[in-house]
Amino acid sequence: VPPPNVNPPPQLYAAPMIPPGAAPYVTPVAPPYVLPTAPGAYVTIPASWNDYNAAAIQPAAPVAQPCEAIACQDPPWTHWYFEADLVGFSRDNASRRQSITPSLTTSDLDFGLAAGPYLVLGSFLDPHNQWQLVYFIAPDMSAHEQDRGFGVDANYDSTFQSAEINYLHTWNHWSLLAGFRYLRLDDQFRLHNGSDFDFQTANNLYGGQLGFTYHREWSWILIDLATKIGIYGNSAAQHGTITHFGTLVASGDERPTATSSSFEFDIFLGHRFSPHWMGRIGLMTLGVSDVALAPDINRTREADQPIAVTGLTIGALAQW
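Here is what the cut-offs are and how they apply
- Residues numbered from 1 in each chain as written.
- Predicted model: local features only at pLDDT ≥ 70, side-chain atom pairs only at ≥ 80, totals over all residues.
- Heavy atoms only, no water.
- Helix = DSSP H or I, 4+ residues; strand = E, 2+ residues; numbered from the N terminus.
- Buried < 20%, exposed > 50% of the residue type's maximum accessible area, 1.4 Å probe, protein only.
- Contact = heavy atoms within 4.5 Å.
- Areas by Shrake-Rupley, 256 points an atom, 1.4 Å probe, with all protein chains shown as cover.
- Core = buried A, V, L, I, M, F, W, Y, C linked by side-chain atoms within 4.5 Å.
- Phe/Tyr/Trp six-rings, centres within 6.5 Å; stacked < 30°, edge-to-face > 60°.
- Lys NZ or Arg CZ within 6 Å of the ring centre and 35° of its normal.
- Pairing = 2+ DSSP bridges.

Participant: I tried to follow the overall build of the protein on my own but got confused; where do I start?
Facilitator: Within the protein one finds zero helices and 13 strands. Each helix and strand of the protein, ordered N terminal to C terminal, gives the series β-β-β-β-β-β-β-β-β-β-β-β-β. Per-residue burial for the protein yields a buried fraction of 38% across its 320 residues. Excluding contacts between residues fewer than 6 apart, the proportion of contacts in the protein whose partners are at least 24 apart in sequence is 65%. Approximately 18800 Å² of the protein is accessible, and the part contributed by carbon and sulfur atoms is 63%.

Right under this line is the structure:
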């Protein structure tokens, strides 16, 4: 009897042979993506994030800084700076009140504006220490009055100069200032009424000063403040002549001395156009005590009167 038709038993599955020395084949699995701990804190998105091509899981765009414009970043540290301003100067008339005619006195002569330069050159030793040179001149400030009824012509002319060298030490926005300063006031008073009176004085003040400055910048405006107090020795010279129809009638010279003081306050507003340039406008005021004034020669031989000089400024400052 033929044997029944029986299928042969299935063969057991055997793993494929791996050649000797070959690594087992493993299906690659992408590493899990982990969101950054602080989305938006990166300046640029890493290039590897683009490979996922999944906008939904990418971090948000970087958050803009409060101010990215050059004008509102901290100014760069530089070694030198130079400031040049044009100033409209004027001064008061604090001379003793004396009658020239029944309707005209020496106090009636008011000074107008005179244009002059204000220059500053500074050098930083490091971001906290610097040397500074400052010079300005208020030239040819003049006052003029007439009394035609009495044929009187009165002229009062004045020139004021200041030169200083300062050392500044800075903490944050504040700086302490200490330095040496020279002030000079040239005064001339002329009176014509048939006779000619010509009185002149020159004040030379040498001394030290202390003060502080403040500098702060925002996105569209900057502010500078300065206050200075000085003590000086004043060596003055006086010279006066009286002529009558061209003939010298009298003359005299004096050399009064005094201890003088000064107080200065300046405020400037400006805008930084680039890391190396800024424009400024401002107001400066300077008061000086115990100086000799020309109209007082016939009343006193002392240097004992005050003056005040005021200036409106416009200019620019360069840093490099």
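More follows now that the structure is in view.
Participant: Quick question: what am I supposed to make of the nonpolar core here?
Facilitator: As a rule of thumb, nonpolar side chains are buried together in soluble globular proteins. Ranked by size, the top nonpolar core spans 38 residues in total, and within it Phe89, Phe160, Val288 and Ile307 carry the most contacts. In contact with Val288, not counting residues within four places along its chain, are Phe160, Leu183, Leu205, Ser261, Ser262, Gln305, Pro306 and Ile307.

Participant: I would appreciate a short explanation of the packing of aromatic side chains in the present structure.
Facilitator: Each aromatic ring pair is specified by the distance between its two centres and by the angle formed by the two planes. Per the counting criterion, the structure on display carries 12 aromatic pairs. These aromatic residues form a ring-pair network of at least three members: Phe89, Tyr118, Phe136, Phe160 and Phe268. In this structure, Arg280 packs its charged tip against the face of Phe268, placed 3.9 Å from the ring centre.

Participant: Teacher, can you tell me more about the pairing of strand E11 (residues 257–274) here?
Facilitator: Walk down a regular strand and you will see the side chains alternate between the two sheet faces. Examined bridge by bridge, strand E9 (residues 222–244) and E11 share 14 bridges and lie antiparallel to one another. The residue of E11 that forms the bridge with Asn234 is Ala258. Across 12 bridges, the pairing between E11 and strand E12 (residues 277–291) is antiparallel. Counted as the bridge partner of Glu264 is Leu286 from E12. Once E11 ends, the chain turns through two residues before running back antiparallel as E12.

These figures come from the coordinates and say nothing about function on their own.
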